[in-house]
Amino acid sequence: MKVQICAVGRLRAGPEKTLIDDYLKRFDKTGRGLSLGPVSVLEVDERKGGGMAGEAALLRRSLPHGAVICALDERGTVETSPKFANRLIQWRDGGARDIAFVIGGADGIDPTLRDEADHLLSFGKMVWPHMLVRVMLAEQLYRAATILSGGPYHRV
C-alpha cells in the first residue's frame, strides 16, 4: 500500500526536514516487507490565495484516485501507536492501494475536505504547528512499521 503525505506549505531545509526525511527513509525500509510504502510527499503552495477553500482544492488534486483519506485534525481520534499500526494494516488488508494523509495549513483543513476524509486522526487535544505535525506523522509511520515487524523501536 503506497503512502502519501499531502500537505499545505513547502518545507525548507532545516531540522524538521532532516527528521522527516530520516523517519520516512526508515519507514520505507521497514515497511517494504509489510507491503507498506513507499512514502511520497506532495506539497501544495498555500500562497496561491483562496484561504482554506483554495488549499482544499489544491489538496484534492494531489490525492491519488481511490485513496483512503486520513486527515490530521485536532477534532480527530487520538490513538495509541499500536492502534495506529493496526489501522494501517486494516486499510492494507481491506484492499486499499493508497493511503493519503492530509495536513492542512496554519488554519487547519477546510471543513468540506475534512468531511470527505475516511478517518480523522489527532495527535492530542493541543493544536500543533502543521510543520511539526509532519514530523510527528513521519515518526508514527516508522513506529507503526517497527511495531508490525516486531522490531525493538517500540516498547510497550
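Cut-offs used in this document
Position labels on residues start from 1 in each chain and follow its written sequence. In view of the model being predicted, local features appear only for residues whose pLDDT reaches at least 70, and side-chain atom pairs are presented and counted only at 80 or more, with totals across whole chains, interfaces and linings using the full set of residues. Side-chain measures were taken over the full set of non-hydrogen atoms in the model, leaving aside hydrogen atoms and water. The criterion for an aromatic pair is that two Phe, Tyr or Trp rings (for Trp, the six-membered ring) have centres within 6.5 Å, with stacked assigned to planes under 30 degrees apart, edge-to-face to planes over 60 apart and tilted to the rest. In this text, helices come from DSSP runs of H or I with a minimum length of four residues, and strands from runs of E with a minimum of two, each type numbered from the N-terminal end. For every residue, the accessible area obtained with a 1.4 Å probe (protein chains only) is divided by the maximum for its type, and the residue is called buried under 20%, exposed over 50%, and partly exposed between those limits. Points on a 1 Å grid, built from protein atoms alone, make a cavity when a 1.4 Å probe fits but cannot get out and make a pocket when they are open with protein on both sides within 12 Å along at least 5 of 7 lines; residues with an atom within 4 Å of a point are the lining residues. Grid points are joined across faces, edges and corners, and a volume is the space filled by probe spheres set on the points. For this scheme, ten residues count as nonpolar: Ala, Val, Leu, Ile, Met, Phe, Trp, Tyr, Cys and Pro. Four count as charged, namely Asp, Glu, Lys and Arg, and the remainder, Gly too, count as polar.

Draft legend 1. Representation of the packing of aromatic side chains within the structure. Scanning the entire structure with this criterion turns up two aromatic pairs. Pairing F84 with F101 gives two aromatic rings, centres 6.1 Å apart and planes at 55°, and the pair type is tilted. In this pair, F84 sits in helix α3 (residues 81-93) while F101 sits in strand β4 (residues 98-103), placing the two residues 17 residues apart along the sequence. On the basis of relative accessible area, F84 is assigned to the buried category, the value being 4%. In this structure F101 comes out as buried when scored by relative accessible area, which is 0%.

Draft legend 2. Seen up close, the layout of surface pockets. In this structure, the largest pocket spans a volume of roughly 340 Å³. Lining the largest pocket are 23 residues, and of these L72, D73, E74, V127 and W128 sit closest to its centre. Of all the secondary-structure elements, those providing two or more residues to the lining of the largest pocket are β3 (68-78), β5 (119-122) and α5 (130-149). Take the lining of the largest pocket: its biggest share by element is four residues, from β3. Broken down by class, the residue content of the lining of the largest pocket amounts to 12 nonpolar, six polar and five charged.

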